[in-house]
Amino acid sequence: MTTLTLDPRRTALVLIDLMPRIIALDTAPLKGTEVLTRCTALAEATRSVGGLVVNVRVERPGVDHQPEGSGFALEPEPGDLEIVKHTLGAFGRSSLDADLQSRNISTLVLAGIATNFGVESTARAADDLGYETVYLTDAMTGLDQQAHDFAVTQIFPRLGTLTTGAEYIAALS
């Protein structure tokens, strides 16, 4: 972990797949409900300093109806950005990059479910696009402990900064 300094006006908290059907999955090291609780507090802190909260959810392409539990578990608030993705990561076939650029966002703070799928895929694309990335290691969880640990110890340190939710909140002020 490191000392972090952030400009809230240039930072977006990106919450990946906080949907009831994803939160209900068997995850590790945290339960989905724990991640939701932590992300709710992080979103409130981000909004309180004028930062952008990006709520991302997945829709299965080519089906008439999405599975039950496909909405946002954390209701977006006015000023939040809502992204519906059709790929693993939030950037593929979505307006996310253009939306962030139009708001002059340069730093992405990532959290959500699952560490080794939606979060990691979004992180890799963010790095490719030149964003600074921050990973809230205590506000994400994987489909299993080993996959989560691999992303957190082997992938994310090569792409950006690892920190905790408390350190993130402190860096916003």
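Every value quoted in this text rests on a predicted model; they were computed, and no experiment measured them. (Residues numbered from 1 in each chain as written. Predicted model: local features only at pLDDT ≥ 70, side-chain atom pairs only at ≥ 80, totals over all residues. Heavy atoms only, no water.)

Novice: In this structure, what is going on with the packing of helix α4 (residues 115-128) against helix α5 (residues 145-159)? I would like to understand it.
Specialist: How two helices sit against one another is set out by the angle between their axes and by the gap between those axes. Between α4 and α5, the least distance of the axes is 11 Å, while the angle of their chain directions is 10°. Here α4 lies roughly parallel to α5, going by the angle between them. Between α4 and α5, the contacting residues are Thr 115, Asn 116, Val 119, Glu 120, Ala 123, Arg 124 and Asp 127 on the first element and Ala 147, His 148, Ala 151, Val 152, Ile 155, Phe 156 and Leu 159 on the second. Residues belonging to the contact of α4 with α5 are distributed by class as follows: 8 nonpolar, 3 polar and 3 charged. (Axes fitted to C-alpha atoms, helices over the stretch in contact; angles between N-to-C directions. Helix = DSSP H or I, 4+ residues; strand = E, 2+ residues; numbered from the N terminus. Parallel < 35°, antiparallel > 145°, perpendicular 65-115°, else oblique. Contact = heavy atoms within 4.5 Å. Nonpolar A, V, L, I, M, F, W, Y, C, P; charged D, E, K, R; others polar.)

Novice: Hey, could you run me through the environment of Glu 132 in this one?
Specialist: Looking at the secondary structure, you find Glu 132 in strand β5 (residues 132-141). The exposed category is assigned to Glu 132, whose relative accessible area is 53%. Through-space distance from the C-alpha of Glu 132 to that of Leu 42 is 18 Å; in sequence the pair is 90 residues apart. Excluding anything up to four places from it in sequence, Glu 132 contacts Ser 106, Thr 107 and Leu 108. (Buried < 20%, exposed > 50% of the residue type's maximum accessible area, 1.4 Å probe, protein only.)

Novice: Just to check I follow, could you spell out a nonpolar patch on the surface for this structure?
Specialist: Together, Leu 25, Leu 88, Phe 117 and Leu 143 give the surface a local cluster of nonpolar side chains, amounting to about 340 Å² of exposed area. Here Leu 143 is to be found in the loop between β5 and α5. Looking at Leu 143, the relative accessible area reads 35%, which means it is partly exposed. (Patch = residues over 30% accessible without salt bridge, like charges linked within 9 Å, V, L, I, M, F, W, Y side chains within 5 Å. Areas by Shrake-Rupley, 256 points an atom, 1.4 Å probe, with all protein chains shown as cover. Salt bridge = Lys/Arg side-chain N within 4 Å of Asp/Glu carboxyl O.)

The quantities given are spatial measurements derived from coordinates; they are silent on function.
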